Amino acid sequence: MPIAVDWIPDEPIILATCTGFLTVGDFKGMFEQVAALMQAVEGIIYRIADYREAESSFVDIMKTVQETAKGMSGSVSDPRLKSIYVGTTHWISLARTAYQNQPGGFQIPTFHSIEDALTYIHLDMAKTHDVATADSQSETL
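Definitions and cut-offs
Residues numbered from 1 in each chain as written. Predicted model: local features only at pLDDT ≥ 70, side-chain atom pairs only at ≥ 80, totals over all residues. Heavy atoms only, no water. Helix = DSSP H or I, 4+ residues; strand = E, 2+ residues; numbered from the N terminus. Buried < 20%, exposed > 50% of the residue type's maximum accessible area, 1.4 Å probe, protein only. Phe/Tyr/Trp six-rings, centres within 6.5 Å; stacked < 30°, edge-to-face > 60°.

Caption draft 1: Highlighting unusual backbone geometry. Even without being a glycine, aspartate 10 presents a positive backbone phi close to 60°. Mapped onto the secondary structure, aspartate 10 falls in the loop between β1 (3–7) and β2 (13–21). For aspartate 10, a relative accessible area of 82% corresponds to the exposed category.

Have a look at this one:
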């Protein structure tokens, strides 16, 4: 399969490394693998999809966007998941625009490297932790 899906050790982060030509079936397979990994974990999970070494077609991307907009577990529309893309191809731009135009407007941060994506995630986790801490402190007052 052209997509390898693995946990980043000791982090609530799944890395999906994509290579070669991807079809709608490949994307669905990735979402199923991510959903299976997420079953054993509570809370928000981040998924980095590394598309730097991948290609696809307009038709496969649009079909994938249509499928995931229906609420597919492990996909962009899964409320337990925060999706992040790595790569700069025109296909990533197309997918991001298509997701933004869906009901609910899914926003997908995109970076040039895994390191930049991880920095973003760690900042987001810290921000979320700070908000949760402030909320719990205000409840005790």
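There is more to say after this.
Caption draft 2: Summary view of the environment of proline 79. Within the fold, proline 79 resides in the loop between α2 (58–68) and β4 (81–86). When the C-alpha positions of proline 79 and alanine 49 are compared, they lie 17 Å apart, and in sequence the two are 30 residues distant.

Caption draft 3: The packing of aromatic side chains, seen in detail. What the rule picks out here adds up to four aromatic pairs. Here tyrosine 99 and phenylalanine 106 contribute two aromatic rings whose centre-to-centre distance is 6.3 Å and whose plane-to-plane angle is 75°, an arrangement assigned as edge-to-face. Where phenylalanine 111 meets tyrosine 120, the ring centres are 5.3 Å apart and the plane angle is 40°; that geometry is what we call tilted. Owing to a relative accessible area of 31%, tyrosine 120 belongs among the partly exposed residues under this scheme. An aromatic cluster of at least three residues, connected via ring pairs, comprises Phe27, Tyr51 and Tyr85.

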